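Structural description and commentary
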Amino acid sequence: MPTTKLVIVLGAVLLLGACAAQPPVSEAPPPETQPVRSDASRPASNPAQEEKAAMAAVDVDNSVFFASSGNTIDAEGRQRLLEHAARLKADPELVVTLVGHADHLGSRSYNLAIAEQRINAVFAVLRGAGIPVTQIRREAVGSEEVSPACRSPQCRKLMRRVQLVYQK
């Protein structure tokens with residue numbers, strides 16, 4: 001029996017020694033074979049350009065803008081909505097979707113709530129102008145589409161809006 005234990009122990013030592021002698025297995029290639037990526041090959045992240053792009057993406061003619069944390073439509077917004085109401089009256093087949101937006105300030109639930117309040121304000125003006133409910137749809141987005149680069153007061157002002165999207 002002592003020889004059997006000795007053979008088992010020696011076998012285990014040899015097995016462990018054989019495993020230790022092999023290099024560890026790695027999923028990544030050795031450092032000298034990994035491609036070197038310089039900063040020049042990375043796409044440049046320019047917050048000012050990203051903010052300009054976010055602002056340029058806003059359809060100003062088909063939007064009504066709001067003050068921070070506000071849901072009241074000013075005189076300019078009311079006039080714009082009356083022009084949209086005339087367009088809808090001229091073409092009863094036309095349907096408008098009111099898409100509510102908010103800036104990045106505030107929680108997700110707050111931004112969804114304020115977007116919904118803004119939609120309700122625009123809806124009330126359109127309904128008051130005689131647009132039937134069948135021509136108006138609603139969609140609250142909140143701040144999900146706001147670019148992380150949109151940090152200036154001018155950019156945030158453009159994000160606080162209800163956009164009117166037309167379809168037949």
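Refer to the structure presented above.
Here's a quick rundown of the structure. These numbers were taken from a predicted model, which means no experiment stands behind them.

**Observations concerning the side chain of Asn 62**
Along the chain, Asn 62 falls in the loop between α2 (47–56) and β1 (63–65). The exposure class assigned to Asn 62 is buried, which follows from its relative accessible area of 17%. Engagement of the side chain of Asn 62 in a polar contact is seen with the side chain of Asp 59, the distance being 2.9 Å. Contacts of Asn 62, omitting those with residues within four sequence positions, involve His 84, Arg 87, Val 162, Gln 163, Leu 164 and Tyr 166.

**Focus on the nonpolar core**
With 21 residues, the main nonpolar core has Ile 73, Leu 81, Val 96, Leu 98, Val 122, Leu 126 and Leu 164 as its most contacted residues. Of all the secondary-structure elements, those providing two or more residues to this core are α3 (75–90), β2 (95–101), α4 (108–128) and β4 (161–167). Element by element, the count of residues in this core is highest for α4, at six residues. Filtering out sequence-adjacent residues up to four positions away, Leu 164 remains in contact with Asn 62, Val 64, Leu 81, His 84, Val 96, Thr 97, Leu 98 and Leu 126. Grouped together as the second largest cluster of nonpolar side chains are seven residues, Phe 65, Cys 155, Leu 158 and Met 159 included.

**Details of the packing of aromatic side chains**
The final tally for this structure, using the stated rule, is zero aromatic pairs. Lying over the aromatic face of Phe 123, Arg 138 brings its terminal NZ or CZ to 4.0 Å of the ring centre.

**Things to note about the pattern of salt bridges**
On inspection of all chains with the given rule, the structure shows four salt bridges. Among the ionic pairs, Glu 76 bridges to Arg 80, the shortest N-O distance being 3.9 Å. Placement of both Glu 76 and Arg 80 in helix α3 is noted, with a separation of four residues, approximately one turn of the helix. The class for Glu 76 is exposed, based on a relative accessible area of 55%. Under the relative-accessibility criterion, Arg 80 is labelled buried at 16%. The partner of Arg 138 in a salt bridge is Glu 116, and the shortest N-O contact between them spans 3.7 Å. Highlighted residues: Arg 138 in strand β3 (residues 136–142) and Glu 116 in helix α4, separated in sequence by 22 residues. Taking the relative accessible area as the measure of exposure, Arg 138 reaches 39% and is therefore partly exposed. Take Glu 116: its relative accessible area is 30%, and that puts it in the partly exposed class.

Scoring rules and cut-offs
Residues numbered from 1 in each chain as written. Predicted model: local features only at pLDDT ≥ 70, side-chain atom pairs only at ≥ 80, totals over all residues. Heavy atoms only, no water. Helix = DSSP H or I, 4+ residues; strand = E, 2+ residues; numbered from the N terminus. Buried < 20%, exposed > 50% of the residue type's maximum accessible area, 1.4 Å probe, protein only. Polar contact = N/O pair within 3.5 Å; in protein donor to acceptor, adjacent residues only side chain to side chain. Contact = heavy atoms within 4.5 Å. Core = buried A, V, L, I, M, F, W, Y, C linked by side-chain atoms within 4.5 Å. Phe/Tyr/Trp six-rings, centres within 6.5 Å; stacked < 30°, edge-to-face > 60°. Lys NZ or Arg CZ within 6 Å of the ring centre and 35° of its normal. Salt bridge = Lys/Arg side-chain N within 4 Å of Asp/Glu carboxyl O.

Geometric values such as these leave the question of function open.
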